[in-house]
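Residues per chain are reported as follows:
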Amino acid sequence: QVQLAESGGGLVQPGGSLNLSCEGAGGFSFYGYAVGWFRQAPGKDREGVSCISRRNGYEESPTYADSVKGRFTISRDNAKNTVLLQMNDLKAEDTAVYYCAVDRRGNDCHPYWYDYWGQGTQVTVSS
């Protein structure tokens, strides 16, 4: 079965940095899957933060939500079975539970396209 585990969340001050990691476990391999990071703040819908989508069997370049462009960077290492999210210049509005997700298709960076999810890791940006 697909097993994903996020880690690296915590409390940081505005302007700080934090790196999140998503690791596959239980024999799951990221190879051939689209991967993405999503977040959900209290009272708000889950939204796409950054994804590496797949279309017609080909991996596309990373995409980012407008709110995080220039501040966040997604990367993947299939050999290590990990997906990373580097977050810089964090703002209070980045506070949310961050989820890692994968899918065999992952056509777009929207929760609709993703079937497999981790449990989430809390990121809190506050003075």
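Just so we're clear, the structure is a prediction, and the values are computed from it rather than from any experiment. (Residues numbered from 1 in each chain as written. Predicted model: local features only at pLDDT ≥ 70, side-chain atom pairs only at ≥ 80, totals over all residues. Heavy atoms only, no water.)

A closer look at the overall build of the protein
Put simply, the rule reads: Comment: elements are numbered from the N terminus, with helices defined as DSSP H or I runs of at least four residues and strands as E runs of at least two. Only C-alpha atoms enter the radius of gyration, while the globule expectation follows 2.2 Å times N to the 0.38, with N the number of residues. For each residue, the accessible area found with a 1.4 Å probe, counting protein chains only, is set against the maximum for its type, and the residue is called buried under 20%, exposed over 50%, and partly exposed in between. Contact definition: two residues touch when any of their heavy atoms are within 4.5 Å. Per-residue and other accessible areas were derived by the Shrake-Rupley procedure at a 1.4 Å probe size, with only the shown protein chains allowed to occlude residues. Positive charges come from Lys and Arg alone, negative charges from Asp and Glu alone, with His and the N- and C-terminal ends not counted. Charge positions are represented by NZ for Lys, CZ for Arg, CG for Asp and CD for Glu.
Helix and strand content of the protein: 0 helices and 13 strands. In terms of C-alpha radius of gyration, the protein reaches 14 Å, essentially the compact-globule figure of 14 Å for 127 residues. Expressed along its principal axes, the backbone C-alpha trace of the protein runs to roughly 45 × 30 × 25 Å. A burial count over the protein gives 41% of its 127 residues as buried. A fraction of 60% describes how many contacts in the protein between residues 6 or more apart in sequence connect residues 24 or more apart. As displayed, the protein offers around 6,800 Å² of accessible surface, 45% of which is attributable to carbon and sulfur atoms. Positive and negative side-chain charges in the protein, numbering 12 and 14 respectively, have mean positions lying 2 Å apart.

Observations regarding the environment of A96
As for its position among the elements, A96 is in strand β11 (residues 96–103). The exposure class of A96 is buried, given its relative accessible area of 2%. Taking C-alpha positions, A96 is 15 Å from S127, a pair spaced 31 residues apart along the chain. Once residues within four sequence positions are removed from consideration, A96 is found in contact with R39, Q40, A41, T121, Q122 and V123.

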